[in-house]
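One-letter residues, chain by chain:
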Amino acid sequence: MKKILITGSQGQLGRALNDYYENHEDVQLINTDVKELNITDEKEVMSKICKVKPDVIINCAAHTQVDACEAEETKAYEINANGPKNLSLAANAVDAVLVHLSSDYVYDGQKGTAYIEGDAYNPQSVYGASKLAGEELVRATARKYFVIRTAWLYGDGKNFVNTMLKLSETHEKVRVVKDQYGTPTSAEEVVKVIDFLLSTDKYGTYHATCEGSCNWYEFTKLIYEYCGKNTEVIPVTSEEYGAAAKRPAYSVLDNYKLHEFGYEMAEWKQALKIYLEKRNLLKKEKGSSMNKKRVLVTGANGYIGRHVVQALLELGHEVLAADFAFDGIDERAERVETPIFSGDENIYEQLGKPDVCIHMAWRNGFVHNADTHITDLPNHFTFIKNMIAGGLPQLAVMGTMHEVGYWEGAIKEDTPTNPTSLYGISKNALRQMTYLLASGTNTKVDWLRAYYILGDDKKSNSLFAKIVRWEEEGKETFPFNSGKNKYDFISVDELSKQIATAATQDEIHGVINCCTGNPVSLADKVDEFIKEHGFKIRPEYGAFPDRPYDSPGVWGDAEKINLIMKNHK
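Criteria and cut-off values
- Sequence positions are assigned chain by chain, starting from 1 and proceeding in written order.
- The predicted nature of this model means local features are confined to residues of pLDDT at least 70 and side-chain atom pairs, given and counted, to a pLDDT of 80 or more, with totals for whole chains, interfaces and linings taken over all residues.
- Excluded from the side-chain calculations are hydrogens and water; all other atoms, namely the structure's heavy atoms, are used.
- Working definition: helices are DSSP H or I runs of at least four residues, strands are E runs of at least two. Numbering for both runs from the N terminus.
- Only protein chains enter the accessibility calculation, which uses a 1.4 Å probe; a residue whose area is less than 20% of its type maximum is buried, one above 50% is exposed, and one in between is partly exposed.
- A contact between two residues is defined here by any heavy atoms of the two lying within 4.5 Å.
- At least two bridges found by DSSP between two strands are what make those strands a pair.
- Only C-alpha atoms enter the line fits that serve as axes; for helices the fit covers just the stretch in contact. Angles between N-to-C directions range over 0 to 180 degrees.
- In what follows, roughly perpendicular refers to angles from 65 to 115 degrees, roughly parallel to angles under 35, roughly antiparallel to angles over 145, and oblique to any angle outside these ranges.
- Each helix crossing is assigned a hand: it is left-handed if the near helix lies turned anticlockwise from the far helix by less than a right angle, otherwise right-handed if that turn is clockwise.
- In the scheme used here, Gly and all other residues not listed as nonpolar or charged are polar, with Ala, Val, Leu, Ile, Met, Phe, Trp, Tyr, Cys and Pro taken as nonpolar and Asp, Glu, Lys and Arg as charged.
- For our purposes a nonpolar core is just a set of buried Ala, Val, Leu, Ile, Met, Phe, Trp, Tyr and Cys residues, chained together by side-chain atoms within 4.5 Å.
- Each pair of aromatic rings taken from Phe, Tyr and Trp, with Trp reduced to its six-membered ring, is defined by centres within 6.5 Å and is described as stacked if the planes are under 30 degrees apart, edge-to-face if over 60, and tilted in the remaining cases.
- A ring has a charge above it when a Lys NZ or an Arg CZ is no more than 6 Å from the ring centre and no more than 35 degrees off the ring normal.
- Salt bridges are counted wherever a side-chain nitrogen of Lys or Arg sits within 4 Å of a carboxyl oxygen of Asp or Glu.

Caption draft 1: Region of the structure containing the side chain of T209. Tracing the backbone shows T209 in the loop between β10 (204-207) and β11 (214-215). On the basis of relative accessible area, T209 is assigned to the buried category, the value being 0%. Sequence-distant contacts of T209, that is, excluding residues within four places in its chain, are made with T150, A151, T183, T185, L253, N255 and M265.

Caption draft 2: Geometry of the sheet that holds strand β23 (residues 510-513). Overall, parallel pairing links the seven strands, which are arranged β15-β14-β13-β16-β17-β19-β23 in an open sheet. Each edge of the sheet is formed by a strand with only one pairing partner; in this case those strands are β15 (334-336) and β23. Adjacent strand axes in the sheet meet at a mean angle of 25°, parallel and antiparallel pairs treated alike. Sheet analysis places strand β16 (residues 356-359) next to strand β17 (residues 394-400), joined by four bridges and oriented parallel. Its bridge partner being in β17, C357 is matched across the sheet by L395. Across the sheet, helix α16 (residues 422-438) lies against β17, β19 (444-450) and β23, angled at about 165° from β19, the strand it touches most.

Caption draft 3: Molecular detail of the packing of helix α17 (residues 463-472) against helix α19 (residues 522-533). Contact geometry for α17 and α19: axes closest at 11 Å, N-to-C directions at 40°. The orientation of α17 relative to α19 falls into the category oblique. Crossing geometry of α17 relative to α19 is assigned as right-handed. Along its contact with α17, which presents L463, F464, I467 and V468, the element α19 presents L522, K525, V526, F529 and I530. Class assignment for the residues of the contact of α17 with α19 results in eight nonpolar, no polar and one charged.

Caption draft 4: Quick look at the nonpolar core. By size, the foremost hydrophobic cluster in this structure holds 59 residues, and its most contacted members are I304, I358, L448, I467, F478, I499 and V526. It is helix α18 (residues 492-504) that contributes the most residues to this core, six residues altogether. Setting aside residues no more than four positions away along its own chain, I499 makes contact with I304, V308, I358, M360, M398, L448 and C514.

Caption draft 5: Geometry of the sheet that holds strand β24 (residues 519-521). Judged by pairing direction, the sheet is mixed, and its three strands sit side by side in the order β20-β22-β24 without closing on themselves. The open sheet has two edge strands with one neighbour each: β20 (452-454) and β24. Taking each pair of neighbouring strands and ignoring which way they run, the sheet shows an average axis angle of 55°. In this structure, β20 lies alongside strand β22 (residues 486-491), joined through three bridges in parallel fashion. Bridging across to β22, I453 finds its partner in I490.

Caption draft 6: Seen up close, the packing of aromatic side chains. Summed over all chains, the structure comprises 28 aromatic pairs. Measuring from centroid to centroid gives 6.3 Å for Y154 and F219, while their planes differ by 45°, and the two rings are tilted. Of the two residues, Y154 sits in strand β6 (residues 153-154) while F219 sits in helix α8 (residues 216-227), which places them 65 residues apart along the sequence. For the residue pair Y154 and F219, the accessibility class agrees, reading buried in each case. Judged by centre distance (4.9 Å) and plane angle (40°), the ring pair of Y452 and F489 falls under tilted. Here Y452 is found in strand β20, whereas its partner F489 is found in strand β22, with 37 residues between them in sequence. Judged by its relative accessible area of 18%, Y452 falls in the buried class. Members of the aromatic cluster, each reached through a chain of ring pairs, are W152, Y154, F160, W216, F219, W268 and Y275. The ring of Y206 carries the charged tip of K257 above its face, separated from the ring centre by 4.5 Å.

Caption draft 7: Representation of the pairing of strand β5 (residues 145-150) within the structure. Taking burial as the measure, the six residues of β5 include six buried ones, the bulk of the element. Here β5 shows a buried face lined by Y145, V147 and R149 and a second buried face lined by F146, I148 and T150. Pairing of strand β4 (residues 97-103) with β5 involves six bridges; the strand directions are parallel. Counted as the bridge partner of H100 is V147 from β5.

Caption draft 8: Molecular detail of the pattern of salt bridges. This model, assessed by the stated rule, comprises 19 salt bridges. Note that R332 is salt-bridged to D330, the shortest N-O span being 2.9 Å. Here the residues in one salt-bridge network are E135, R139 and R149, joined through shared partners.

Shown next as structure tokens:
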């Protein structure tokens, strides 16, 4: 059993290493990040390594914010130089191999052709200088080491690919540098190189980037082409763009020493396409159907949840249904009894590592001022936090029109929120928390805002369910408010189709109103409901005052959901 300790395990390369070695029964991974191991503390590093006694240490920890390093020089050298030195000393103490990741920024970019491992260094930034210092300390200290230089890395986490895709959702145009050349490199490809080198004893310094090269402008254009984005890409010079740290103009790396082994990394365009395809981000050919996904539904046995499960199954997805009870859930779904609110940091893995999570679990949704809306909020926060941290690709959370509070007219995704009930306050807070937690990660978030739901009325707790019950009890009338308020009514079946489609598509994200976009007065809808069902019961209009937080007319802007449903007919 080979024991591998990873530093910076929550970064792009750390996650890729975990994915790669997940099914290697002969490898035991010890994951550490800054909370578990401060690599700048020599004593802590020595103590940890001597206790664990790994065969291999892979140092993925680094201060990689290039511009921030200019203002944080001391911090940059502590992490990027002293940290690797401490790991080298500790590796020697237990006779471990040290794999240290470095950067193309050790070069000035003035050579004009690809750099090989023996070329002269001349870093142009604090980041580049600190990474070079780290390399040299490893070479001077460690007995068994691989220094691996890579460039323009992307994987699961914050990176150029994900940043440009997010910008495409909110910008019609983006400005991208055209005079800096390098090689976009998939973290998955670098991990393969690490595994290959560890099978040898040919210690030393290696370049490891995908084959080929491009500039940032060309890279962006291809990302948008592959993903079917229409955002215009405007090429600018480095000077026009402006940045605190100077970047090398041409930092293409030649994998000369890997080539001597006969090892060839993937061509960069091919690797990018594979990366996007695995994450269901590639554009679909005209007429193609939605990709089949593994979808977790929490609250799957709830009023809406059971309908969403059925709608997902009808779309051809694999469904994991999580709840306390399963009596109303379609038998085709896989039942998940793992408690979602356990607080376990590994909950994403325990729940089967779904492609999508539709988080619908919620108590007392029809009791707008129940204390549970507030007291349960930490559980929802922890669940979402741990799912995102675990690597969840796509998350959809059920929201409500009550987040907005008093509003007259159509609710859009950027409509200001000022909730006036505990239900609305808690949902609004969860929405803000969710987007904050997902910021800087690879998790796509959809906030699905529901409005006034009817249908399957014996299983709901809405006004219409009460009318059914009162009719069965033989009541002739029921007390009601004025009924003048106009709402966006939608059947639970249609709502569930919208939820299932919106949560599993890849083109449109953000706040999505699941609605009809058509306001109808409550009185008209009640009268229509009673007539359709042939009921004798009649409302006593005006028996109750209208609720102070209900608008005379509020409905959802259906532009986004209509486009989603049109695209996935």
